[in-house]
Amino acid sequence: MTAKILDGKSIAGEIKEGLKKEVESLKEKGISPNLVAVQVGENPASAVYTRAQQKNCEKLGIEYELHTLGQNSGEKEVIDHIQQLNQNGEVTGIILQLPLPPGIDTIKVQSSISPDKDVEGVNPANMGWVLYGKPKLIPCTAAAIMKLIETAGINLYGKEVVMVGHSDIVGKPTALLLLNKFATISVCHIATGERGNLPEYVKRAEILIVAVGKAHLIKGDWIREGAIVIDVGINRVEGKILGDVEFEKAKEKAAWITPVPGGVGPLTTAMLLKNTLEAAQLQKL
Ligand code: NAP
């Protein structure tokens, strides 16, 4: 079997086309989505993301501003700035660029973002709605993963799903969203790997999702015949970008697989834009 490709880039393109029309119709109703990214200090990695955010917003007609606070800003200063944005009726969405300088508690700062303006879904209130099965603004990568599974046309009910990686931003919210669809889900992490149990879990996955950040951690011959493989990992190795899954070998066994790059990444960006419109609607409609 050679897997069909879950082409995140083209799905993202379709979503963005739809969002562009939605922005127009929101503007006709007098609602103008306005996204503010907050970063502390200059960071070359962050600059790549903020430039991409700005370009995407411009294409869709969403206003975008980057607020750069000084490298030496303390936690209170960052939280005060976010609280001003919370109170500013013109601002409908807030993104906090990570990492923050040492000494600033990231979760504390994320918690200060108004839940209705939290377009990345990182505020504990938004995480909590995911837990209760009534999501509002969903963490963007988790939303992208769910969209890819939907594209493969899979009914999750009772399916054996294995999530490798349990980060707060990808693995945990994705596991909860899958659980809410009645998938049977195993979550693997560093301890699973250290006990040598990873192959055993991966081999039974009808749907495998990997978000670890270790190039080719998952071997192609572990993949179950006919599985759906969603590779979130982004690893720069000798000038190339590789996923967490051995793509070339895995695609011989899987039914569907995401490429890296061009799979989860572009769809995550599309979901950020989708959340930006949803946030504006939550506040203004
Ligand atoms: P993270 O916070 O570093 O989490 C990595 C997870 O992998 C942790 O749960 C860790 O467990 C687990 N892990 C580490 N080594 C392992 C092993 N040998 N076996 C099993 N599990 C292991 O990373 P993240 O933010 O979730 O991101 C993961 C990857 O996805 C990165 O490459 C990142 O660049 C990429 N990413 C891509 C997108 C996108 O849009 N495409 C979005 C977000 C992230 P412990 O915590 O227990 O050590």
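Since we're looking at a predicted model, the values are computed, not measured. (Residues numbered from 1 in each chain as written. Predicted model: local features only at pLDDT ≥ 70, side-chain atom pairs only at ≥ 80, totals over all residues. Heavy atoms only, no water.)

## Details of the packing of aromatic side chains
Between two aromatic rings, the relevant description is the distance of the centres plus the angle of the planes.
Next, step 1: Taken as a whole and judged by the stated rule, the model has two aromatic pairs.
Next, step 2: Seen from their ring centres, Trp-129 and Tyr-132 are 6.5 Å apart, and the 70 degrees between their planes marks the pair as edge-to-face.
Next, step 3: Judged by its relative accessible area of 32%, Trp-129 falls in the partly exposed class.
Next, step 4: Judged by its relative accessible area of 60%, Tyr-132 is exposed.
Next, step 5: Note on Tyr-157 and Phe-182: the rings are 5.7 Å apart at their centroids and 40 degrees apart in plane angle, and the pair reads as tilted. Of this pair, Tyr-157 sits in the loop between helix H6 (140-151) and strand E5 (160-164) while Phe-182 is found in the loop between helix H7 (171-180) and strand E6 (184-188), placing the two residues 25 residues apart along the sequence. (Phe/Tyr/Trp six-rings, centres within 6.5 Å; stacked < 30°, edge-to-face > 60°. Buried < 20%, exposed > 50% of the residue type's maximum accessible area, 1.4 Å probe, protein only. Helix = DSSP H or I, 4+ residues; strand = E, 2+ residues; numbered from the N terminus.)

## Considering the packing of H6 against helix H11 (residues 264-284)
Next, step 1: Interaxial distance between H6 and H11 falls to 8 Å at its minimum, and their mutual angle equals 115 degrees. When the interaxial angle is binned, H6 and H11 end up roughly perpendicular. In terms of crossing hand, the pair formed by H6 and H11 is right-handed. Judged by residue contacts, Cys-140, Thr-141, Ala-143, Ala-144, Lys-147 and Leu-148 of H6 engage Val-264, Leu-267, Thr-268, Met-271, Leu-272 and Asn-275 from H11. (Axes fitted to C-alpha atoms, helices over the stretch in contact; angles between N-to-C directions. Parallel < 35°, antiparallel > 145°, perpendicular 65-115°, else oblique. Left-handed = near helix turned anticlockwise from the far one by under 90°. Contact = heavy atoms within 4.5 Å.)

## Some thoughts on the nonpolar core
Within soluble globular proteins, side chains that are nonpolar tend to cluster in buried spots.
Next, step 1: Counting residues in hydrophobic clusters, the biggest one holds 52 residues, and the most contacted among them are Ile-62, Ile-149, Leu-156, Leu-178, Ile-209, Ile-230 and Leu-267.
Next, step 2: For this core, the leading source of residues is H11, giving nine residues.
Next, step 3: The two domains that each donate at least three residues to this core are domain 1 (30-114) and domain 2 (139-265).
Next, step 4: If near-sequence neighbours (up to four positions away) are discounted, Ile-209 is found in contact with Ile-145, Ile-149, Val-161, Val-162, Met-163, Val-164, Thr-174, Leu-178, Ile-230 and Val-232. (Core = buried A, V, L, I, M, F, W, Y, C linked by side-chain atoms within 4.5 Å. Domains from an automatic or database assignment.)

## Focus: H11
Next, step 1: Look at H11: 30 Å from first C-alpha to last across 21 residues, which is about the 30 Å you get at 1.5 Å a residue.
Next, step 2: All of the buried residues along H11 are Val-264, Leu-267, Thr-268, Ala-270, Met-271, Leu-272, Leu-273, Asn-275, Thr-276, Leu-277, Ala-279 and Ala-280.
Next, step 3: Residues of H11 that are buried in the fold lie against helix H1 (8-28), strand E2 (34-40), helix H2 (44-60), strand E4 (93-96), H6 and strand E8 (228-231). (Expected span 1.5 Å × (residues − 1).)

## Digging into the domain arrangement of the protein chain
Where interface size is given, it is often the accessible area lost as the parts come together that is meant.
Next, step 1: Splitting the protein chain by domain gives domain 1 (30-114) and domain 2 (139-265).
Next, step 2: Domain 1 and domain 2 are separated by 30 Å when their C-alpha centres are compared.

## Here we look at the pattern of salt bridges
Next, step 1: Following the criterion strictly, the structure yields eight salt bridges and no others.
Next, step 2: Ionic pairing is found between Arg-204 and Glu-160, a salt bridge with its closest N-O pair at 3.1 Å. You can see Arg-204 sitting in the loop between helix H9 (198-203) and strand E7 (207-210) and its partner Glu-160 sitting in strand E5, a full 44 residues away along the chain.
Next, step 3: Judged by relative accessible area, which is 33%, Arg-204 ranks as partly exposed.
Next, step 4: Judged by its relative accessible area of 21%, Glu-160 is partly exposed. (Salt bridge = Lys/Arg side-chain N within 4 Å of Asp/Glu carboxyl O.)

## Details of the sheet that holds E2
Next, step 1: With parallel pairing, the three strands of this open sheet are ordered in space as E3-E2-E4. At either margin of the open sheet sits one strand with a lone partner, and together these are strand E3 (63-69) and E4. This sheet shows a mean twist of 20 degrees between the axes of neighbouring strands, independent of strand direction.
Next, step 2: Direction of pairing for E2 relative to E4: parallel, over a ladder of four bridges. Bridge pairing in E4 links Leu-35 to Gly-93.
Next, step 3: Relative to the sheet, H2 contacts E2, E3 and E4, its axis offset from that of E3 by approximately 160 degrees. (Pairing = 2+ DSSP bridges.)

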